[in-house]
Amino acid sequence: RVAYVNGQYVPHSQAAVHIEDRGYQFSDGVYEVCEIWKGHIVDMGAHLDRLDRSLRELQIKAPMSRAALSHVMKEVISLNRVKEGIIYMQVTRGVAVRDHYFPSDDTPPSVVMTAKSINSQKLDQIAAKGVGVITVEENRWDRVDIKTVGLLPNVLAKQKAKVAGAREAWFVDKDGLVTEGGSTNAWIILSNGTLVTRPANHGILKGITRAGVLKLAEMNGLSVEERGFSIDEAKSAKEAFITSASGIVMPVVKIDETILGDGKPGPIVQDLRKSFHDASELIKLE
Ligand code: PLP
């Protein structure tokens, strides 16, 4: 495997950043994950737009032009021969002697990228059965719309889910409404077929896959309500699912101890998963 680190392609096993990288010391950085599907990068433009926004919100300089970034992405994918998988890219405020204040303006941001294959058959098998989620108290900061590498609450929530035999943890805010998962957006489907997901304000990450499902729903004439939903409403929903670039549309069949419907993925979510890429921008790799 090969990784990109600050201008160089290096063996993955030797890829490293300095111990005084601000990402390492302060989580002072942002990231993106894009899906690679059948030799295409999925929704690359939207991911790079979101990366720009995250950088701007944190006043981190763009490390390179968009054209250069997309060139490196394609190189990393091709050097790793990934046809189905994900690409990870991370930009931090760079390397400087540890001090909370921003480093001097001439400090270059650090950029790393990796790409890895994902066994899509295995993922499809998981999707065919559906997954469980647990619910946990929302304990993150109030700017989770910025895709920062500060993911400790997400890590702890997802590990709790794993120990409980679930795949994801849904954060629940002080009003009892689900915000999102540790690394996914959360959705339910009402008995009349309406999709419900929380509006993308500062309380959730505005998922690119979420946007894809909204577009797909419109294309397919499904009705959508962008509003918060409670755990109780979710537990009595007909279907539920989670979305992310790494798993696209993943059916949820269990919330805490409650089995949804007959415990199997429902028809609407299965259809959304199957036709998801109809609504994607696909950039072909050589
Ligand atoms: N919410 C959180 C907290 C995430 O970390 C992610 C993705 O990693 C998502 C939602 C889904 O976003 P996307 O569909 O852009 O992958």
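Being a predicted model, the structure only gives us computed values, none of them experimental.

(A) Representation of the domain arrangement of the chain. In terms of domain boundaries, the chain breaks down into domain 1 (2-118) and domain 2 (123-280). Averaged C-alpha coordinates put domain 1 and domain 2 at centres separated by 26 Å. Facing the 22 residues of domain 1 at the interface are 20 residues of domain 2. Between domain 1 and domain 2 lies a buried interface of about 1,800 Å² when both sides are counted; carbon and sulfur atoms form 64% of it. On the surface where domain 1 and domain 2 come into contact, there are two salt bridges. Across the contact surface, domain 1 and domain 2 share seven residue pairs in polar contact (both at pLDDT 80 or more).

(B) Region of interest: the packing of aromatic side chains. Taken as a whole, this structure holds four aromatic pairs when the rule is applied. Ring plane angle 65° and centroid distance 5.9 Å describe the contact between Trp-170 and Phe-229, whose orientation is recorded as edge-to-face. Taken together, the residues Trp-170 in strand β8 (residues 168-172) and Phe-229 in the loop between β12 (224-226) and α7 (231-235) connect sequence positions 59 residues apart. When its relative accessible area of 0% is taken as the criterion, Trp-170 is described as buried. Taking the centre distance of 5.0 Å and the plane angle of 15° together, the rings of Trp-187 and Phe-241 count as stacked. Here Trp-187, found in strand β10 (residues 185-189), pairs with Phe-241, found in strand β13 (residues 239-244); they are 54 residues apart in sequence, far enough to count as distant. For Phe-241, a relative accessible area of 0% puts it in the buried group. Arg-93 extends its terminal NZ or CZ atom over the ring of Phe-102, reaching a point 3.6 Å from the ring centre.

(C) Local environment of the sheet that holds strand β6 (residues 110-117). If you trace the seven strands from one edge of the open sheet to the other, you get β2-β1-β6-β5-β3-β4-β16, paired in antiparallel fashion. Since the sheet does not close on itself, it has two edges, and those belong to β2 (8-11) and β16 (282-284), each with one partner. Ignoring which end each strand starts from, the neighbouring axes of this sheet average 25° apart. As paired strands, strand β3 (residues 29-37) and strand β4 (residues 40-42) are joined by two bridges and run antiparallel to one another. What sits directly across from Trp-37, in β4, is His-40. Strands in contact with helix α2 (residues 44-57) are β3, β4, β5 (85-92) and β16; relative to β3, the strand with the most contacts, it is inclined by about 175°. Along the sheet, helix α3 (residues 66-79) contacts β1 (2-5), β2, β3, β4, β5, β6 and β16; its crossing angle with β6, the most-contacted strand, is approximately 35°.

(D) Region of the structure containing the nonpolar core. Judged by nonpolar contacts, the single largest core of 25 residues is most densely connected at Leu-51, Met-73, Ile-77, Ile-87 and Met-113. Elements represented by at least two residues in this core include exactly β3, α2, α3, β5 and β6. With five residues, α3 is the largest single contributor of residues to this core. Within the second largest apolar cluster, 21 residues are counted, among which are Ala-127, Val-196, Ala-240 and Val-252.

(E) Expanded view of the pairing of strand β9 (residues 178-181). Pairing analysis gives two bridges linking β8 to β9, with the strands arranged antiparallel. Of the residues in β9, the one forming a bridge with Trp-170 is Gly-181. Taking the residues between adjacent antiparallel strands as the criterion, β8 and β9 are bridged by five residues, where Gly-176 takes a positive phi near 80°.

(F) Examining the site of the ligand more closely. Close contacts around the ligand come from 19 residues, with Arg-50, Glu-180, Ile-208, Thr-209 and Ala-245 the closest. Side-chain polar atom of Thr-209 to an oxygen atom of the ligand: 2.6 Å apart, as the coordinates give it. Those elements that provide at least two residues to the shell around the ligand are α2, β9, α6 (208-219) and β13. Composition of the shell around the ligand by domain shows at least three residues from each of domain 1 (2-118) and domain 2 (123-280).

(G) The arrangement of the pattern of salt bridges in detail. One pass over the full model with this rule turns up 18 salt bridges. One salt bridge in this structure joins Arg-227 and Glu-225, with 2.6 Å as the shortest N-O distance. Residue classification places Arg-227 among the partly exposed residues on the basis of a relative accessible area of 26%. One salt bridge in this structure joins Asp-256 and Lys-235, with 3.2 Å as the shortest N-O distance.

Rules and cut-offs
Residues numbered from 1 in each chain as written. Predicted model: local features only at pLDDT ≥ 70, side-chain atom pairs only at ≥ 80, totals over all residues. Heavy atoms only, no water. Domains from an automatic or database assignment. Contact = heavy atoms within 4.5 Å. Buried area = accessible area lost by both parts, 1.4 Å probe. Salt bridge = Lys/Arg side-chain N within 4 Å of Asp/Glu carboxyl O. Polar contact = N/O pair within 3.5 Å; in protein donor to acceptor, adjacent residues only side chain to side chain. Phe/Tyr/Trp six-rings, centres within 6.5 Å; stacked < 30°, edge-to-face > 60°. Helix = DSSP H or I, 4+ residues; strand = E, 2+ residues; numbered from the N terminus. Buried < 20%, exposed > 50% of the residue type's maximum accessible area, 1.4 Å probe, protein only. Lys NZ or Arg CZ within 6 Å of the ring centre and 35° of its normal. Pairing = 2+ DSSP bridges. Axes fitted to C-alpha atoms, helices over the stretch in contact; angles between N-to-C directions. Core = buried A, V, L, I, M, F, W, Y, C linked by side-chain atoms within 4.5 Å. Near = heavy atom within 4 Å.

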